[in-house]
Amino acid sequence: MKKYRWNKKEIKSKIKELKTKDLYENPNLQNDLDVLKDMLKITRGIKPCVDLTKFKMMLYNNQTIIDILKDDFDTYITDYQNDVIVNSIEDVCYSNYEDIYKVSLDIPLSLEMQQELIYKYFSDGKLYRSHKDIFNTNQKILHLTKLKDVNETESLTHKDYICVCNKETANDFKTLCHELGHYDERLITDNRLLNARFDNNLFKYENFIEIYSIFYELISIDILEKEKLITPHDGVMLHLHSFLNKTIDGKFYNFAKYCTDNNEIPSEDNFYIRKEFMYPSSVSIYYYPFLISCILYMEYKKDPERAFHNINYIVKNITPDNEKKILTMADANPEDLEKINNYTKRLKTKS
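Residues numbered from 1 in each chain as written. Predicted model: local features only at pLDDT ≥ 70, side-chain atom pairs only at ≥ 80, totals over all residues. Heavy atoms only, no water.

## Some remarks on the overall build of the protein
- When helices and strands are tallied, the protein shows 18 helices and three strands.
- For the C-alpha atoms alone, the extent of the protein along its principal axes is close to 55 × 55 × 40 Å.
- Residues counted as buried form 54% of the 351 residues belonging to the protein.
- Of all intrachain contacts in the protein linking residues separated by at least 6 positions in sequence, the fraction that spans at least 24 positions is 76%.
- In the structure as shown, the protein presents an accessible area of about 17,100 Å², 48% of it carried by carbon and sulfur atoms.
- Taken together, the 50 basic and 56 acidic charged side chains of the protein have centroids lying 7 Å from each other. (Helix = DSSP H or I, 4+ residues; strand = E, 2+ residues; numbered from the N terminus. Buried < 20%, exposed > 50% of the residue type's maximum accessible area, 1.4 Å probe, protein only. Contact = heavy atoms within 4.5 Å. Areas by Shrake-Rupley, 256 points an atom, 1.4 Å probe, with all protein chains shown as cover. Lys, Arg positive; Asp, Glu negative; His and termini not counted. Charge placed at Lys NZ, Arg CZ, Asp CG, Glu CD.)

## Observations regarding the pairing of strand β2 (residues 152-155)
- When β2 meets strand β3 (residues 160-164), the two strands line up antiparallel, connected through four bridges. Bridge pairing links Ser155 to Asp160 in β3.
- Connecting the antiparallel pair β2 and β3 is a turn made up of four residues. (Pairing = 2+ DSSP bridges.)

## Remarks on the sheet that holds β3
- Here we have three strands laid out as an open sheet, ordered β1-β3-β2, and mixed in their pairing. The strands lining the two open edges of the sheet, one partner per strand, are β1 (142-144) and β2. Averaged over neighbouring strand pairs, the angle between their axes works out to 20° when direction is ignored. (Axes fitted to C-alpha atoms, helices over the stretch in contact; angles between N-to-C directions.)

## Let's talk about helix α5 (residues 79-92)
- Here α5 contains 14 residues, and its C-alpha end-to-end distance of 19 Å stays within 8% of the 20 Å for a straight helix at 1.5 Å per residue.
- Among all positions of α5, only Tyr80, Gln81, Asn82, Val84, Ile85, Ser88, Ile89 and Val92 are buried.
- Those residues of α5 that are buried are in contact with α4 (62-76), α12 (232-247), α13 (250-262), α15 (280-302), α17 (323-329) and α18 (337-344). (Expected span 1.5 Å × (residues − 1).)

## Section: the pairing of β3
- Burial analysis of β3 places five of its five residues in the buried class, the great majority of the element.
- Burial along β3 is two-sided: Asp160, Ile162 and Val164 facing one way and Tyr161 and Cys163 facing the other are all buried.
- One ladder, built from three bridges, connects β1 with β3; its direction is parallel. Paired with Leu144 across the bridge in β3 is Val164.

## Examining helix α8 (residues 127-134)
- Looking only at α8, the buried set comprises Leu127, Ser130, His131, Asp133 and Ile134. What you see down the axis of α8 is that its buried residues fit within an arc of 155°, all on one side. (Arc of directions from axis to C-beta.)

## Points about the pattern of salt bridges
- Following the criterion strictly, the structure yields 13 salt bridges and no others.
- The residue Lys246 makes a salt bridge to Glu217 at a minimum N-O spacing of 3.0 Å. A residue pair is termed long-range when its members are at least 10 positions apart, and Lys246 in helix α12 and Glu217 in helix α11 (residues 211-226) qualify at 29 residues.
- For Lys246, a relative accessible area of 11% translates into the label buried.
- As a salt-bridge pair, Lys324 and Glu335 come within 3.7 Å of each other at their nearest N and O atoms. A residue pair is termed long-range when its members are at least 10 positions apart, and Lys324 in helix α17 and Glu335 in the loop between α17 and α18 qualify at 11 residues.
- Of the residues examined, Lys324 reaches a relative accessible area of 43% and is grouped as partly exposed.
- The exposure class assigned to Glu335 is partly exposed, which follows from its relative accessible area of 40%. (Salt bridge = Lys/Arg side-chain N within 4 Å of Asp/Glu carboxyl O.)

## Structural notes on a positive patch on the surface
- A surface patch of like charges, here positive, comprises Lys8, Lys9, Lys12 and Arg44.
- Structurally, the position occupied by Lys9 is in helix α1 (residues 8-18). (Patch = residues over 30% accessible without salt bridge, like charges linked within 9 Å, V, L, I, M, F, W, Y side chains within 5 Å.)

## Description of the side chain of Thr43
- Considering the arrangement of structural elements, one finds Thr43 in helix α2 (residues 27-43).
- Given a relative accessible area of 17%, Thr43 falls into the buried group.
- Here the side chain of Thr43 touches Leu40 through a polar contact of 2.6 Å, landing on its backbone oxygen.
- Those residues in contact with Thr43, other than ones at most four positions away along the chain, are Trp6, Lys8, Ile11 and His143. (Polar contact = N/O pair within 3.5 Å; in protein donor to acceptor, adjacent residues only side chain to side chain.)

So this is what it looks like as structure tokens:
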């Protein structure tokens, strides 16, 4: 396997340069500095951050926890997004799934084959050149890490980077395609969603940023089936893996909503909320776009060109104020549970 590594000297140089600037009035450059510091840690084999939130929850009283939840709902989640999530949870977060068989996730798939599949299925038009750059070791865009669960696309004002843990398996291809989705969405829209989030301090844009990447992730499974690199059963398992990772925390969201609406945490749930605590936005940032992406994916199975047209229309136009209108026009309204159930029903039975 080729050695894919970020340029540590370049990262250090950029950090040094940014430290000489006044970042107070420029959130984009402040984000650059924060991202570069995380990237430097990754090149040194260090995970960027350790989440101590659950430990802190043990020290907070109930009202403090409720206030934290309320602030997160207000800051990151629109009323429409909240309605979609709350009204879908009972249909989506059911429990009668088949087991996820590890063998399906670990089917060998060389990085060279992953690269060729990306060229074949995702690299139309101008994307081909950018994808060639990703796999050009001289460009230092792709970084392969041994750090578990460090899969991310880092966006700076001058360049985007991808980091994945890739042990050359079918599931790693799915992860790589997810990150490629972030990379392509930012190229296609000139970083519209991320810039709006930072320039306008509109954190509610967070729940749009995963739409493209999850769409790519779901498509990648179909590609493996089409190329006969996995069986239909393996495909179900890979879909199930993606589905659970994006939606499994939905029930905590409902519980958090109950606590904020009633301004109380039931005494019998005091330990539960501290043990399982997460910000509502950490649920919605994957759950909400997953619903949209699986509708687009089902359209892709019938008409790939139309599905790509619709998702491009969404990421180029959606805002926290017009999301229902844009999603409806793109035939991807997540309030349509019938379309979502058309996706999930395959996961409820053996292939």
